[in-house]
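The residues making up each chain are set out below.
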Amino acid sequence: MKRQNFLQLLTAGTGAAAAGKVFSSGVGPQDSKKVDQASKLANHTISEIEFREVKLNYPRQVGKNAQLDIHGFGPTIDVGIIHTDKGIPGLGMLQAWGDEREQAGKYIKGKAIPELFDPSVGIIDDRAEAFDIPLHDLAGKILEQPVYELLGRKTPFITNCYSGMIYFDDLEPADNPAGVDKIIEECKYDYDVGYRQFKLKIGRGNKWMPHDEGMKRDIEVTRLVAENFPDCDILVDANNGYNLEDTITYLEGIGDVDLFWFEEPFHENHRDYLELRKWMLTNGIETFLSDGEANPDHELLMDLCQKRILDFHLTDIAGYGFTAWRKLMPRLTHLAGGLGNTPTIEGVTCDSDDIDFGDYELNEGKLTPSSEPGFGMKLISR
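The following paragraphs examine the structure supplied in this document.

Analysis parameters
- Residues numbered from 1 in each chain as written.
- Predicted model: local features only at pLDDT ≥ 70, side-chain atom pairs only at ≥ 80, totals over all residues.
- Heavy atoms only, no water.
- Helix = DSSP H or I, 4+ residues; strand = E, 2+ residues; numbered from the N terminus.
- Buried < 20%, exposed > 50% of the residue type's maximum accessible area, 1.4 Å probe, protein only.
- Contact = heavy atoms within 4.5 Å.
- Areas by Shrake-Rupley, 256 points an atom, 1.4 Å probe, with all protein chains shown as cover.
- Pairing = 2+ DSSP bridges.
- Right-handed = clockwise from strand over helix to strand, strands pointing away.
- Axes fitted to C-alpha atoms, helices over the stretch in contact; angles between N-to-C directions.

## Digging into the overall build of the chain
- When helices and strands are tallied, the chain shows 11 helices and 18 strands.
- For the chain, the proportion of its 382 residues judged to be buried stands at 53%.
- Sequence-distant contacts in the chain: of pairs separated by 6 or more residues, those separated by 24 or more amount to 72%.
- About 17600 Å² of surface is accessible on the chain, with carbon and sulfur atoms providing 49% of the total.

Okay, here's the thing in structure tokens:
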């Protein structure tokens, strides 16, 4: 069975409460809920840990970005499956590899769920951190709730979702490059899938083309996509392949194209971002600035956000950790004034013979998560 999916579907929740003792007299509704959850989770002990490789298949080859060569037709990822003594599995990507994950698996085996996990905060024992996502999935399944409900939402946020797989495919194959029409073809495919936002990779002149030619192509591609898809938002990502001067040259070059955001023009630092923000304000450019994916300095990012120099903190959820994001999100929510703090999420279309991705739906650019318990995904028997 093959099901369509998007690799980065997991948006963090809001409101992290301290892990506390929930068994007390005179409890209120929230305390009663915690007591009930803890009681249900306490009935399950981790009896087995399984590791599997899952092959994901892209619908097309994904090419270069400003830093890396051809990404290919889809990765193989490691997932962990936690089985309880009552026969319930928890599935998810792992936060550790090799000996570290093996040691974490040995540590959590035989533990009751509340020793490792509290639904109100996530992981409560750092030694279980490698199984952060599988434990969220497991708790949701035991409590018969989708993860978004576990995080406090009866109905999910319906979130914008952009296509994150539009790379430098105009440059391939090397002996007969397809040219810019290839980018339009890919955007059309993604539009038909259901996306209404496109994130274009830029920075061709960093490694793959002469600098000035690469900048010219970046500008040409951006303007062409904006022309051909006037009902869609355009986002760009330089993967730290620009410097400050390049960034200004690019923004001047695209003229009246209304960019939704500019991601990682250069590695985050106060001086360049402050200068860029000043230039944008002077020139009436309202494009959002986002950063934090590649080797992020989280405290620096928070400082840039607090000073309104940077608009979006976009550290990868799976890499940073689901529990860590649950702690970070309330801080970001406060900075956003409570008006919402997930403007869009990245989608990378793929299918797999190894995993059933459930009933996530992408329609007119909006992503609706599965209402099934946990993350609503399951392994396909081999």
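## Describing the environment of Asn43
- Among the secondary structure elements, Asn43 is positioned in the loop between helix 1 (29-42) and strand 2 (46-55).
- Classification of Asn43 by relative accessible area gives partly exposed; the value is 47%.
- As for Asn43 and Ile113, which are separated by 70 residues in sequence, their C-alpha atoms are 8.2 Å apart.
- The contact partners of Asn43, leaving out residues within four places of it in the chain, are Asp85 and Lys86.

## Brief notes about the pairing of strand 11 (residues 288-291)
- Where strand 10 (residues 259-263) meets strand 11, three bridges bridge the pair, whose relative direction is parallel. The residue of strand 11 that forms the bridge with Glu263 is Ser290.
- Crossover connection from strand 10 via helix 8 (residues 270-282) to parallel strand 11: handedness right-handed.
- Where strand 11 meets strand 12 (residues 312-313), two bridges bridge the pair, whose relative direction is parallel. Bridge assignment links Ser290 to a residue of strand 12, and that residue is Phe312.
- Handedness of the strand 11-helix 9 (residues 298-306)-strand 12 crossover: right-handed.

## Considerations on the sheet that holds strand 3 (residues 76-84)
- Strand order in the open sheet formed by three strands is 2-3-4, and the pairing between neighbours is antiparallel. Where the open sheet ends on each side, the last strands, each with one partner, are strand 2 and strand 4 (89-93). Each strand of the sheet is rotated relative to its neighbour by a mean of 20°, with strand direction disregarded.
- Direction of pairing for strand 3 relative to strand 4: antiparallel, over a ladder of five bridges. Bridge pairing in strand 4 places Ile82 opposite Gly90.
- Sheet strands in contact with helix 2 (residues 98-108) are strand 2 and strand 3, and its direction is about 150° off that of strand 2.
- In this fold helix 3 (residues 132-142) packs onto strand 2, strand 3 and strand 4, with an angle of close to 150° to the strand it touches most, strand 4.

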